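# Fold and geometry: a report
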Amino acid sequence: MYDPVLLNTFLVVAETHSFTNAAQRLGISQPTVSQQMSKLERAAGRMLIVRDTRDVRLTDNGDAMAGFARTILAAHAAAESYFNGSAMRGRLRFGTADDLAITQLPRILRHFRQLYPEINLELTVNQSAPLQRRLEAGHLDLIFVKQSSGESNASTRVAKDTMVWIGQETLTFGEAGPVPLIAYQAPSLSRQLAIDALESAGRTWRITCNTRDVNGVLAAVRAGIGVAVFPHSLIPSDLVKVSDRFGLPELGDVDYVLMANPSAAKEPVQALMSAIMSRGVRREE
């Protein structure tokens, strides 16, 4: 059995990449953090953390432990809530980028509703930029969105992904001609990444399909009318990465992040954040 105290400290170390910063956040001493991490590594029988003079990073086993830790701590919180008879009540206004609907998110939300039936969960699905504006205006309590990797703001990173060009297996077009681009309507992060990358590479392009949602993007790609920018880990099994085939420019990384409204009720927001963090971002099979 893994001590929840050790798991919680481990997750803070993983997030801050620093024993010192983790100690400050937890209100304990830095030697205590070191001792707890050593104890967790002995319990796991694996090295979880690599530490040097400048940085702390997770090993492959550490990444695995982080996922297990989030699941264990979320289960602890749910059990405490159930047996304490302190069922959460109220409203939680949650917004998510629409392409995340093809991940484990629907299953997570269904499980969340089962755990906290007294919470009125209101769901808004949109593009990342409009959701962030609604959060800042106080119309949402928590959002799950994409942003350019490394962007500095008050967010919690769930996962990192690489944006790639996708298309139909049999898609063809001349490299000398304009790139047929399937894109979300502006404003859209993936649309802007595509246009910026193509123009920087000196490639001409034309929009062959403007769409409002992920289903429209995928339908157009499956119809073979162009290429689209899509997260690598979320590519459906019937579509392929075509970046190399057509000499298309690299697009860079994005972060999947959770952003909370500081004025929202903290308990339900934290509960849903923990549920999402424990599952991460994986394509729904």
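Now for a quick tour of the structure.

### Describing the environment of Ser-34
Following the sequence through the fold, Ser-34 ends up in helix H3 (residues 30-44). Distance in space between the C-alpha atoms of Ser-34 and Phe-10 is 9.9 Å, their sequence separation being 24 residues. When neighbours within four sequence positions are excluded, Ser-34 is seen to be in contact with Phe-19 and Arg-51.

### A word on the pattern of salt bridges
For the structure shown, the criterion picks out seven salt bridges. Two residues, Glu-122 and Arg-91, come together in a salt bridge whose shortest N-O distance is 4.0 Å. A residue pair is termed long-range when its members are at least 10 positions apart, and Glu-122 in strand E4 (residues 119-126) and Arg-91 in strand E3 (residues 90-97) qualify at 31 residues. Across the pair Lys-160 and Asp-253 runs a salt bridge whose closest N-O atoms are separated by 3.7 Å. Taken as a pair, Lys-160 in strand E6 (residues 156-167) and Asp-253 in strand E11 (residues 253-260) lie far apart in primary sequence, 93 residues in all. We classify Asp-253 as partly exposed; its relative accessible area is 30%.

### Quick word on the layout of surface pockets
With a probe scaled to a water molecule rolled over the atoms, the places where space remains empty come into view. By volume, the second largest pocket amounts to about 150 Å³. Lining the second largest pocket, in full, are Asp-98, Val-125, Asn-126, Gln-127, Pro-130, Gln-185, Ala-186, Pro-187, Thr-211, Arg-212 and Asp-213. Of the residues in the lining of the second largest pocket, the class split is four nonpolar, four polar and three charged.

### Remarks on empty space enclosed by the protein
Counting across every chain of the model gives two cavities of 30 Å³ or more. Reported here for the largest cavity is a volume of approximately 70 Å³. Lining the largest cavity, in full, are Ala-97, Asp-98, Asp-99, Gln-127, Ser-128, Ala-129, Lys-146, Tyr-184, Pro-187, Ser-188, Leu-189 and Ser-190. For the lining of the largest cavity, the secondary-structure elements that each account for two or more residues are helix H6 (128-136) and helix H7 (189-200). Counted by class, the lining of the largest cavity contains five nonpolar, four polar and three charged residues. Roughly 50 Å³ of volume is contained in the second largest cavity. Lining the second largest cavity are Leu-181, Ile-182, Ala-183, Tyr-184, Ser-190, Arg-191, Ala-194, Val-217, Ala-228 and Val-229. It is strand E7 (residues 179-184) that contributes the most residues to the lining of the second largest cavity, four residues altogether. The class makeup of the residues in the lining of the second largest cavity is eight nonpolar, one polar and one charged.

Cut-offs used in this document
Residues numbered from 1 in each chain as written. Predicted model: local features only at pLDDT ≥ 70, side-chain atom pairs only at ≥ 80, totals over all residues. Heavy atoms only, no water. Helix = DSSP H or I, 4+ residues; strand = E, 2+ residues; numbered from the N terminus. Contact = heavy atoms within 4.5 Å. Salt bridge = Lys/Arg side-chain N within 4 Å of Asp/Glu carboxyl O. Buried < 20%, exposed > 50% of the residue type's maximum accessible area, 1.4 Å probe, protein only. 1 Å grid on protein atoms, 1.4 Å probe; cavity = no way out; pocket = protein on both sides within 12 Å on 5 of 7 lines; lining within 4 Å. Points joined across faces, edges and corners; volume = space filled by probe spheres on them. Nonpolar A, V, L, I, M, F, W, Y, C, P; charged D, E, K, R; others polar.

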